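A structural walkthrough
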Amino acid sequence: MLMPSHDPFQPRRQLCPRCQRAQTACICHWISPIDHLFDVLVLQHPMEAGNAKNSARLLHLSLPHSRLAVGEVFDPAELQALLHAPSALPRHADAGQPVQPVLLYTEDAGTPASSRLDARTLRIDGGPPMQRLRLVILDGTWRKSRKMLHENPLLQALPRLALQDTPLSQYVIRKAHKPEQLSTLEAAGYALMQLERDSGKYHPLLTAFDGFVLQQSQLRNRGMASRRGD
């Protein structure tokens with residue numbers, strides 16, 4: 001009787017314990033931790049969690065004090081805790097002051113002026129400047145992120161930050177429905193640049209993203225060639 005060559009209780013592919021990707025597609029060599037000055041919370045749609053082309057994992061690992069939570073419709077108490085948890089940044093850890101969550105989201109006709117954050121002044125509609133922000137990012141396709149926003153009223157109530165005058169996306173491995181749409185990593189990187197008024201600091205993050213995109217393209221091409229028998 002032939003014994004199976006693969007142990008059914010073990011994964012077929014060895015995963016990297018850090019990036020949770022197959023060893024052959026590990027992205028850890030692209031990670032260059034950045035000392036970010038603002039809290040970052042990534043809310044990831046479940047369908048993105050296992051997508052090899054997803055950029056949120058690289059973003060999360062490049063921002064050491066960021067947090068990544070997976071879900072579509074969050075329990076209100078759980079989401080409230082995520083949005084308003086004490087700052088994870090070392091410089092704020094012992095201060096005990098509240099953190100203001102701000103949603104990074106495309107501005108549209110339904111966005112009231114009273115909820116728009118000005119990245120230059122950190123003010124909303126002429127109000128007092130916000131001292132401690134938590135940048136909240138929805139990680140999913142455009143359709144999925146809109147559904148996440150619709151299904152979670154706590155997110156709808158947040159002040160919003162919309163990016164202005166950003167370069168075209170380099171996310172060529174995924175199709176965008178509009179030219180201004182960016183990957184999660186690109187959007188977060190440009191938002192932090194604007195909030196911190198420091199573009200050079202986040203260039204390594206965007207450079208890592210370019211390398212990640214190239215790596216994914218090469219892996220895809222190899223897979224296609226293998227299937228053709230080249």
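Residues numbered from 1 in each chain as written. Predicted model: local features only at pLDDT ≥ 70, side-chain atom pairs only at ≥ 80, totals over all residues. Heavy atoms only, no water.

In terms of regular secondary structure, the chain is built from seven helices and seven strands. Its helices and strands taken in sequence order, the chain reads β-α-α-β-α-β-β-β-β-α-α-β-α-α from the N to the C terminus. Looking at the chain as a whole, 43% of its 230 residues are labelled buried. In the chain, once contacts between residues fewer than 6 apart in sequence are set aside, the share between residues at least 24 apart is 73%. In the form shown here, the chain has an accessible surface area of approximately 13100 Å², with 53% of it arising from carbon and sulfur atoms. (Helix = DSSP H or I, 4+ residues; strand = E, 2+ residues; numbered from the N terminus. Buried < 20%, exposed > 50% of the residue type's maximum accessible area, 1.4 Å probe, protein only. Contact = heavy atoms within 4.5 Å. Areas by Shrake-Rupley, 256 points an atom, 1.4 Å probe, with all protein chains shown as cover.)

Within the chain, Q20 stands out as a residue other than glycine whose phi angle is a positive 60°. Topologically, Q20 is positioned in the segment before β1 (39–44). Residues other than glycine seldom take positive phi values, yet L122 does so here, at roughly 55°. When you line up the elements, L122 lands in the loop between β4 (117–118) and β5 (123–124).

Side chains on a regular strand alternate between the two faces of the sheet. Most of strand β6 (residues 133–139) is tucked away: seven of the seven residues are buried. Where burial is concerned, the two faces of β6 agree: the one with L133, L135, I137 and D139 and the one with R134, V136 and L138 are both buried. The pairing of β1 with β6 spans six bridges and is parallel. Residue pairing in the sheet places V40 in a bridge with L135 of β6. Two elements, strand β3 (residues 100–104) and β6, share five bridges in a ladder whose sense is parallel. Directly across from Q100, in β6, lies its bridge partner L133. (Pairing = 2+ DSSP bridges.)

Now for the sheet that holds strand β2 (residues 67–70). Within the open sheet, the five strands sit side by side as β2-β1-β6-β3-β7. Their pairing is parallel. Only two strands of the sheet have a single neighbouring strand rather than two, namely β2 and β7 (160–161). With four bridges connecting them, β1 and β2 associate as parallel partners. Note on β2: the bridge partner recorded for L43 is A69. Lying over the sheet, helix α4 (residues 142–151) contacts β1, β3, β6 and β7, oriented at roughly 125° with respect to β6. (Axes fitted to C-alpha atoms, helices over the stretch in contact; angles between N-to-C directions.)

Attention now moves to the environment of I34. Mapping I34 onto the fold places it in the segment before β1. Separated by 168 residues in sequence, I34 and Y202 place their C-alpha atoms 7.6 Å apart. Discounting chain neighbours no more than four positions away, the residues touching I34 are S62, L63, P64, K201, Y202 and L205.

A separate point is the pattern of salt bridges. Tallied over the entire structure, the rule returns four salt bridges. One salt bridge in this structure joins R134 and D39, with 3.7 Å as the shortest N-O distance. Of this pair, R134 sits in strand β6 while D39 sits in strand β1; the two residues are 95 residues apart in sequence, bridging distant segments of the chain. Here E72 makes a salt bridge to K147, at a shortest N to O gap of 3.4 Å. Taken as a pair, E72 in the loop between β2 and α3 (76–84) and K147 in helix α4 lie far apart in primary sequence, 75 residues in all. (Salt bridge = Lys/Arg side-chain N within 4 Å of Asp/Glu carboxyl O.)

A separate point is the confidence of the model for the chain. Do not read the predicted coordinates in detail wherever pLDDT is low. Confidence along the chain averages 82 in pLDDT terms, with 78% of residues attaining 70 or more. Contacts for the low-pLDDT stretch residues 1–6, under 50 throughout, to residues beyond four places or in other chains number two contacts. (pLDDT = per-residue confidence, 0-100.)

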